[in-house]
Amino acid sequence: MKRILLTAAAGFLMLCNTYAQSKAGESKFGLGLDAAFPVGSYKDVADYGIGVSLLYQKPVTENLSITRNIGYITFHGPAIYSNIKYKEGYVPIKAGARYFIIPTVYGAAELGVSISTANGYGTGTAFAYAPRLGTEFKISNSGTLDIGLSYENWSRSGGTRSFGGIRAGYNF
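Only a predicted model underlies this, so the values are computations on that prediction, with no experimental measurement involved. (Residues numbered from 1 in each chain as written. Predicted model: local features only at pLDDT ≥ 70, side-chain atom pairs only at ≥ 80, totals over all residues. Heavy atoms only, no water.)

A. Spotlight on the pairing of strand E4 (residues 84-102). Inspection of the sheet shows strand E3 (residues 64-81) paired to E4 by 13 bridges, in the antiparallel sense. Paired with Thr 67 across the bridge in E4 is Gly 96. Two successive antiparallel strands, E3 and E4, enclose a turn made up of two residues, where Ser 82 displays a positive phi of approximately 55°. Bridge analysis of E4 against strand E5 (residues 105-116) gives twelve bridges, and the strand direction is antiparallel. Residue pairing in the sheet places Pro 92 in a bridge with Ser 114 of E5. The turn joining E4 and E5, which pair antiparallel and follow one another in sequence, is formed by two residues. (Pairing = 2+ DSSP bridges. Helix = DSSP H or I, 4+ residues; strand = E, 2+ residues; numbered from the N terminus.)

Structural data, given as structure tokens:
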């Protein structure tokens, strides 16, 4: 598992470096806090999720940026057996695009994978997609506040994890 996470992080950084060297424009990194609210059948298993994420944005035009996103999120839920409560962690790794409709409002879409950190039955990798609407506005000379609402779906042969999400981040 550690090897998978290290490989994913190294790939993420190499992609960021490749884009940074190949296109003109100011790239941004962002650190964010993520909250998730399960929907559909997943809300029967998990009550909420909380996590952190690292976002990379590389502008390709004035209104369009390519994004890379890696994070860690843990879902918590009610007792599933005796007094053992549901708790499962994931490492989502996604890439996508962010289009600014007006200078402070954007629509985004990301595709990728979500890797479960569980042992046994819950292990595996799921296909992930996430449409998002958000706002990003300047709060300092070098930073912006980024707040977005999303719907995420992670699908694999063992089932689907769907949830609404909120991400609040600081981009620099």
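B. Broad picture of the sheet that holds E5. If you trace the eight strands once around the closed barrel, you get E1-E2-E3-E4-E5-E6-E7-E8, paired in antiparallel fashion. Each neighbouring strand pair of the sheet contributes to a mean axis angle of 25°, computed without reference to strand direction. In this sheet, E3 lies alongside strand E2 (residues 48-59) in antiparallel orientation, the contact comprising twelve bridges. Within the sheet, the bridge partner assigned to Ser 53 lies in E3 and is Gly 71. (Axes fitted to C-alpha atoms, helices over the stretch in contact; angles between N-to-C directions.)

C. Quick look at the pattern of salt bridges. Summed over the entire model, instances satisfying the criterion amount to seven salt bridges. For Arg 98, the salt bridge goes to Asp 146, with nearest N and O atoms at 3.0 Å. Taken together, the positions of Arg 98 in strand E4 and Asp 146 in strand E7 (residues 144-156) put the pair 48 residues apart, joining distant regions of the chain. With respect to burial, Arg 98 and Asp 146 carry one shared label: buried. The closest approach of N and O atoms between Arg 167 and Asp 146, which form a salt bridge, is 3.6 Å. Pair noted here: Arg 167 is in strand E8 (residues 159-171) and Asp 146 is in strand E7, with a separation of 21 residues, a long-range link. No difference in accessibility class separates Arg 167 from Asp 146, as the two residues are buried. Each member of the salt-bridge network shares a partner with another, and the members are Lys 28, Arg 98, Glu 136, Asp 146 and Arg 167. (Salt bridge = Lys/Arg side-chain N within 4 Å of Asp/Glu carboxyl O. Buried < 20%, exposed > 50% of the residue type's maximum accessible area, 1.4 Å probe, protein only.)

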